[in-house]
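# Residue-level structure breakdown
This is what each chain is made of:
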Amino acid sequence: MKSNLMKSLRRNQDKISLSFVIVFFAIVAFLLVYINSNTNFLGRSYRDVYLYLSLALRFSGVQFAGYAYINNLPPLVPFLTSLLFRLGFVDVSSIFIVCGIFYFIGNVFFYKLLRIRFRNPYALVGAIIYGCLSINLLWAANGTIDIPSISLSIIALYALIMAVDNNQKYFYLAFPALVLAFLAKYTALLMVPVMFLYYILRVFSWRKLKNYWRNTLGGIAFGIITSLPYVGYVLVNHYAFGFLSQSGEVAGEVAKQSQLSHPVVNDLGFYLTHAVNCISNLSILSYIVISVFLLGLFLILYRTRNILKVTYNQQYIRLFRRDVPLSIIYKLIIICIVALIAVFLTAGRFTVVLSELLLFGIIYFMGVLSNKVIGKYNHIPRKRKYKYFNFDILMFTWFFAYLVFFTSHITKADRYFTTIAPGFTALVILALYVIVNTNRIRNISFDLKENHREDYNIRLSTIILLIFGLVFVISAAYSLNVDKYDPLVDDEQNMANYLSSNYPDYVNTVIGANRAPIYVWYLHKEIKPITISNNSTILDYNLKKYNTTYYIGNDSSLDVNNYNKIINYGNVTLYKKSEDLN
């Protein structure tokens, strides 16, 4: 009876694991939404969330003057939030719910993505690690758009691999998901060359392309159709396409830096050194993960070296219609690796577009060379090995492309590690796979029943994976208990309530504020942005420029010419123009 149960569990392990992932991350997503909805944390570091909420108000039919630039923001999350607003749920928790759903979906599809490459236990642990990274838990379900865009990118990449390797109907999911990822956050445009790289490495001949082109074009057409509502909205309202201005700013960043009077030093190691904080709030766990990553990389290089020792000068490979000695091929691969390191070390010195073009060109050339070597010398089935190698290089490209992209920018923040996280996690699982499949670990197993029956054996590798998964679940519980409360949020809410309750004329008067977008959300009207300044001349000029009646400042010690202090909550202070004071 027990033997049959063990066999049944092994036969259905995929269904069991997927069910666990669904239930576990549904619980985590619910907890994130619940905790964030009951914690006033949208203070100093979350100004952008109020811009998305204001755009959601505009989508839902609430009209207010000014703030034309919010129409250029990525529209997907605000639009979905506006649907809840239209149903009567005009609350900040609505955007938390939208983002929480994307967090849940992203983790489920990340498990499915890893399952393409790895056996079930590795995919399960990989999904747990990814979903429980401290940086993901910090920025999930909190109104920011990074996680929704990444989740849709995961879906797009999963669907593309499935389309190329298994069922071409997945093209009709891949390209619309990619468009939605882009509309969630414009940096998802970087996924286009990532996906294209896998496509051309797998569909690398005209003969194969003949079998793919119809469904490829069909998927692209579905993607274009998915974008039409956004394009129509922009054209009808005579708005600008926001991603065009942003891409122009990105492309011109190097030129702007060169015009500065003081030298700007780009911190190339920012995301590498800050990885400890982004992996887990438990530093020891972060260091273990990084150690696994580095040890796995060492073992991969060591095994590659052993292969080269056997095959280095023995054969030729057909490349560009010529027989090329393996020694030349290997030297070209080494040159490609050195070139990739150079691309990273020069990040920010050239335009990010040039850096990314070089990166993808080098990886493609290295992928073609490596595929040639693998196809000639591996004794495992050619098709399977091609798929696995291309998957691995795809994950590396995903990781490295976003690492170079955000390293190229002078302005850096831990939250951008969320875009690097999927590729990084996949490489960690690959390293873990290499480590536990060494002969010394792979062949160790324990007999749970002391009867030497295989059904009751458990491998050491399985125990290692279980420990990894369990420790990250514990780490997630620790991260969820981190206090994110910011008293500034209470002060700003109290100020908005005081103003609307005691000065009903606020609707028809000009209000200025240091943190204007926050009060646009609270008061549902245009609030003039007033730059914080201790220079009374500058402050006076800004207030006069807008003919401001009420001014909400964030420095209670500041006296403003021709304005009287009315009330303050913490440092948040309400001023009223003297001539209008009753």
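Note that the coordinates shown come from a computational prediction; the quantities given were computed from them, not determined experimentally.

### What to know about the overall build of the protein
When helices and strands are tallied, the protein shows 25 helices and 9 strands. When the 582 residues of the protein are sorted by exposure, 50% land in the buried category. Partitioning the intrachain contacts of the protein with sequence separation of at least 6 by distance along the chain shows that 69% fall at a separation of at least 24. Surface summary for the protein: the accessible area is close to 28,400 Å², and the carbon and sulfur share equals 62%.

### Considerations on the sheet that holds strand β6 (residues 528-529)
Strands sit in the order β6-β5-β7-β9-β8 across an open sheet of 5 strands; the sheet is mixed. Taken across any chain shown, the strands that pair with only one partner, and hence form the sheet edges, are β6 and β8 (563-569). For strand β5 (residues 511-513) and β6, the ladder comprises 2 bridges, and the chain directions are parallel. By the bridge assignment for β6, glycine 512 is matched with lysine 528.

### Structural notes on the packing of helix α3 (residues 47-59) against helix α24 (residues 516-523)
For the pair α3 and α24, interaxial distance at closest approach is 8 Å and the crossing angle is 40°. As for the relative orientation of α3 and α24, their crossing is left-handed in sense. Judged by residue contacts, Arg47, Tyr50, Leu51, Leu53, Ser54 and Leu57 of α3 engage Pro517, Ile518, Val520, Trp521 and Tyr522 from α24. Here the residues of the contact of α3 with α24 sort into 9 nonpolar, 1 polar and 1 charged.

### What to know about the environment of aspartate 490
Among the structural elements, aspartate 490 can be located in helix α23 (residues 487-502). In sequence terms aspartate 490 and glycine 570 are 80 residues apart; their C-alpha atoms lie 9.3 Å from each other.

### Let's talk about a nonpolar patch on the surface
Taken together, Trp213, Leu217, Ile220, Phe222, Ile224, Ile225 and Leu228 make up a surface patch of nonpolar side chains, about 670 Å² in accessible area. For leucine 217, the location among the structural elements is in helix α11 (residues 206-236). Here leucine 217 falls in the partly exposed class, since its relative accessible area comes to 48%.

### Some details on the nonpolar core
Counting residues in hydrophobic clusters, the biggest one holds 178 residues, and the most contacted among them are Leu113, Phe472 and Tyr519. Judged by nonpolar contacts, the second largest core, of 8 residues, contains Leu539, Tyr551, Leu558 and Tyr563.

### Re the packing of aromatic side chains
In this structure the tally under the stated criterion is 37 aromatic pairs. Centroid distance phenylalanine 85 to tryptophan 521: 5.7 Å. Interplanar angle 25°. Geometry classified as stacked. Residue phenylalanine 85 is found in helix α4 (residues 76-86), and its partner tryptophan 521 is found in helix α24; the two are separated by 436 residues along the sequence. These aromatic residues form a ring-pair network of at least three members: Phe20, Phe24, Phe25 and Tyr103. In this structure, arginine 415 is placed above the aromatic ring of tryptophan 139, and the distance from its NZ or CZ to the ring centre is 5.5 Å.

### Section: α4
Of the positions making up α4, those classed as buried are Leu76, Val77, Pro78, Thr81, Ser82 and Phe85. Packing partners of the buried residues in α4 comprise α3, α5 (92-117), α8 (146-165), α9 (171-184) and α24. Once α4 ends, the next one or two residues include glycine 88, with phi positive near 105°.

### Quick look at unusual backbone geometry
With phi around 55°, alanine 141 is a residue other than glycine that occupies positive phi space. Summarising the element assignment, alanine 141 is placed in the loop between α7 (134-139) and α8. Of the residues examined, alanine 141 reaches a relative accessible area of 1% and is grouped as buried.

### Some thoughts on the pattern of salt bridges
Pairing between side chains of opposite charge can happen when the charged atoms of each approach one another. Following the criterion strictly, the structure yields 10 salt bridges and no others. Between arginine 415 and aspartate 48 there is a salt bridge, with the nearest N and O atoms lying 3.7 Å from each other. In this pair, arginine 415 is assigned in the loop between α19 (382-407) and α20 (417-436) and aspartate 48 in helix α3, connecting sequence segments 367 residues apart. On the basis of relative accessible area, arginine 415 is assigned to the buried category, the value being 17%.

### Details of empty space enclosed by the protein
Evaluation of the coordinates by the stated rule reveals 4 cavities of 30 Å³ or more. Its volume calculated, the largest cavity comes out at about 80 Å³. When contributions to the lining of the largest cavity are tallied by element, the ones reaching two or more residues are α8 and α19. Reported here for the second largest cavity is a volume of approximately 50 Å³. Around the second largest cavity, the lining residues are Asn514, Ile532, Ser533, Asn534, Tyr551, Gly553, Asn554, Asp555, Leu558 and Tyr575. In terms of residue class, the lining of the second largest cavity is built from 4 nonpolar, 5 polar and 1 charged.

Scoring rules and cut-offs
- Every chain's residues receive numbers from 1 upward, in the order its sequence appears when written.
- Per-residue local features are limited, in this predicted model, to residues with pLDDT of at least 70; the limit for side-chain atom pairs, both in listing and counting, is 80 or more; totals at the level of whole chains, interfaces and linings are taken over all residues.
- To get the side-chain values, take all heavy atoms of the structure and skip hydrogens and water.
- Numbering goes from the N terminus for both helices and strands, where a helix is a DSSP run of H or I of at least four residues and a strand is a run of E of at least two.
- Residue exposure (1.4 Å probe, protein chains only): buried if accessible area is under 20% of the type maximum, exposed if over 50%, otherwise partly exposed.
- In what follows, residue pairs with any heavy atoms lying within 4.5 Å of each other are defined as contacts.
- Only the protein chains shown count as cover for residues, and all accessible areas are computed by the Shrake-Rupley method using a 1.4 Å probe.
- Strand pairing follows a simple DSSP-based rule, namely that at least 2 bridges must link the two strands.
- The angle between two axes is taken between their N-to-C directions and runs from 0 to 180 degrees, where each axis is a line fitted to C-alpha atoms and a helix contributes only its stretch in contact.
- Crossing handedness follows the turn of the near helix against the far one: under a right angle anticlockwise gives a left-handed crossing, and clockwise gives a right-handed one.
- Gly falls in the polar group here, along with every residue not listed as nonpolar (Ala, Val, Leu, Ile, Met, Phe, Trp, Tyr, Cys, Pro) or charged (Asp, Glu, Lys, Arg).
- What makes a patch is a set of residues exposed beyond 30% relative accessible area and free of salt bridges, joined within 9 Å when like-charged and within 5 Å when nonpolar (Val, Leu, Ile, Met, Phe, Trp, Tyr).
- One speaks of a salt bridge when a side-chain nitrogen belonging to Lys or Arg is within 4 Å of a carboxyl oxygen belonging to Asp or Glu.
- Take the buried residues of types Ala, Val, Leu, Ile, Met, Phe, Trp, Tyr and Cys, join any two whose side-chain atoms come within 4.5 Å, and each joined set is a nonpolar core.
- In summary, the pairing rule links any two rings of Phe, Tyr or Trp, Trp by its six-membered ring, whose centres are within 6.5 Å, and it sorts them by plane angle into stacked for under 30 degrees, edge-to-face for over 60 and tilted for everything else.
- When the NZ atom of lysine or the CZ atom of arginine is within 6 Å of a ring's centre and also within 35 degrees of its normal, the charge is said to sit over that ring.
- Definitions used for this entry: grid spacing 1 Å over protein atoms alone; cavity, a set of points where a 1.4 Å probe fits but cannot get out; pocket, an open set with protein on both sides within 12 Å along at least 5 of 7 lines; lining residue, one with an atom within 4 Å of a point.
- Grid points are joined across faces, edges and corners, and a volume is the space filled by probe spheres set on the points.

Functional significance is not addressed by these values, which are geometric in nature.
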